[in-house]
Amino acid sequence: MNILNLIESRYSTKKYDTEKEIPESKIEDLKEILRLTPSSINIQPWKFTFVQNAEVKTKLAAASLHNEEKINQAKLLVVFSVADDLDAFQKVVDSEYVPALRDWYNNMKATMPEADLRTWLAKQMYIALGFGMTASISLGLDSTPMEGIEAEKYVDILGMKTYKPVLAMAVGYGADDDYNRPEVRPKSRRSPEDVIEHI
Ligand SMILES: Cc1cc2nc3c(=O)[nH]c(=O)nc-3n(C[C@H](O)[C@H](O)[C@H](O)COP(=O)(O)O)c2cc1C
């Protein structure tokens, strides 16, 4: 399938097949693809938590508002967390990053209000989500992007200290009777004339 056909076929899965397991090789590919996500100045402010453990996944599902059922059904939940403790993240920047990147980040940090810096860091997570959704369908997997999670509860359940969840993505195989499949519920998007300009 070419990339356009893949994108036409992906959809936010609302009901998963609870039996079909995801091959481990696909999960490993997904990990590597997320790690390769590009970000502004290559800042990489993230942690991707792959949750396959059923017990932990059930707890996270209960802290996920209207997303509980699909998280319980899906075989994998990926949690996308952003650096929250900026002092701890500074240590990463100072020890792991090349001088040009470190200097650029330090300059931004020195000149931007902290709230703006945090917003900029959080924006990078959405690039990873886009990569994650596209990668999933390329690997023959279905997925659900989710902002509907209770971040503070996730922090407690996952024992996070320096990162904070922004988004999550359920991954698995969509149930045959998922009402949101594009063949049942055709994609709803604004028209090309409204959203594309050509000059
Ligand atoms: C950033 C983001 C957050 C979303 N959060 C949720 C969510 O919490 N639960 C859910 O069921 N769908 C969620 N969605 C799915 C959107 O509603 C969906 O992408 C949109 O309606 C287009 O439909 P499609 O993905 O099936 O093409 C989210 C999508 C994005 C991109």
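The structure contained in this document is the topic of the report that follows. This structure is a prediction, so every number in the text was calculated from the model and none was measured.

## So, the layout of surface pockets
Move 1: Roughly 310 Å³ of volume is contained in the largest pocket.
Move 2: The set of elements that each furnish at least two residues to the lining of the largest pocket consists of α2 (24-35), β1 (46-51) and α5 (86-96).
Move 3: The residue makeup of the lining of the largest pocket, split by class, is seven nonpolar, one polar and five charged.
Move 4: Empty space within the second largest pocket amounts to approximately 240 Å³.
Move 5: Lining the second largest pocket, in full, are R10, Y11, S12, K14, N180, P182, R185, P186, K187, S188 and R189.
Move 6: Of the residues assigned to the lining of the second largest pocket, the class counts are three nonpolar, three polar and five charged.

## With respect to the nonpolar core
Move 1: One finds I43, V78, F80 and F89 to be the most contacted residues of the largest nonpolar core, which totals 38 residues.
Move 2: Taken together, the elements giving at least two residues each to this core come down to α2, β1, β2 (76-83), α5, α6 (99-111), α7 (114-138) and β4 (163-172).
Move 3: Take this core: its biggest share by element is eight residues, from α7.
Move 4: Ignoring any residue separated from it by four or fewer positions in sequence, one finds F89 in contact with I43, Q44, P45, A83, Y97, Y105, L121 and Y163.

## Notes on helix α8 (residues 151-158)
Move 1: Every buried residue belonging to α8 is among A151, Y154 and V155, and all of these are buried. Down the axis, α8 shows its buried residues gathered within 105 degrees of arc, on one side only. Exposed and oriented more than 90 degrees from the buried face of α8 are E152 and D156.
Move 2: At its buried positions, α8 is contacted by α3 (54-62), α4 (68-73), β2 and β4.

## Structural notes on the site of the ligand
Move 1: Close contacts around the ligand come from 17 residues, with R10, S12, K14, K187 and R189 the closest.
Move 2: Within the side chain of R10, a nitrogen or oxygen atom sits 2.8 Å from an oxygen atom of the ligand.
Move 3: In the environment of the ligand, a nitrogen atom lies 3.3 Å from a nitrogen or oxygen atom belonging to the backbone of P145.
Move 4: A total of 630 Å² of accessible area belongs to the ligand in isolation, and the protein chains cover 68% of it.
Move 5: At three residues, strand β3 (residues 142-146) tops the list of elements feeding residues into the shell around the ligand.
Move 6: The residue makeup of the shell around the ligand, split by class, is five nonpolar, six polar and six charged.

## Remarks on the sheet that holds β4
The pairing of strands in a sheet comes from backbone hydrogen bonds and takes either a parallel or an antiparallel form.
Move 1: If you walk across this open sheet you meet the four strands as β1-β2-β4-β3, and the pairing is antiparallel. Because the sheet does not close on itself, it has two edges, and the strands there are β1 and β3. When strand polarity is set aside, the average angle formed by the axes of neighbouring strands in this sheet is 25 degrees.
Move 2: One ladder, built from six bridges, connects β1 with β2; its direction is antiparallel. Its bridge partner being in β2, W46 is matched across the sheet by V82.
Move 3: Where α8 meets the sheet, its contacts fall on β1, β2 and β4, and the angle it forms with β4 comes to roughly 85 degrees.

Basis of the calculations
Residues numbered from 1 in each chain as written. Predicted model: local features only at pLDDT ≥ 70, side-chain atom pairs only at ≥ 80, totals over all residues. Heavy atoms only, no water. 1 Å grid on protein atoms, 1.4 Å probe; cavity = no way out; pocket = protein on both sides within 12 Å on 5 of 7 lines; lining within 4 Å. Points joined across faces, edges and corners; volume = space filled by probe spheres on them. Helix = DSSP H or I, 4+ residues; strand = E, 2+ residues; numbered from the N terminus. Nonpolar A, V, L, I, M, F, W, Y, C, P; charged D, E, K, R; others polar. Core = buried A, V, L, I, M, F, W, Y, C linked by side-chain atoms within 4.5 Å. Buried < 20%, exposed > 50% of the residue type's maximum accessible area, 1.4 Å probe, protein only. Contact = heavy atoms within 4.5 Å. Arc of directions from axis to C-beta. Near = heavy atom within 4 Å. Polar contact = N/O pair within 3.5 Å; in protein donor to acceptor, adjacent residues only side chain to side chain. Areas by Shrake-Rupley, 256 points an atom, 1.4 Å probe, with all protein chains shown as cover. Pairing = 2+ DSSP bridges. Axes fitted to C-alpha atoms, helices over the stretch in contact; angles between N-to-C directions.

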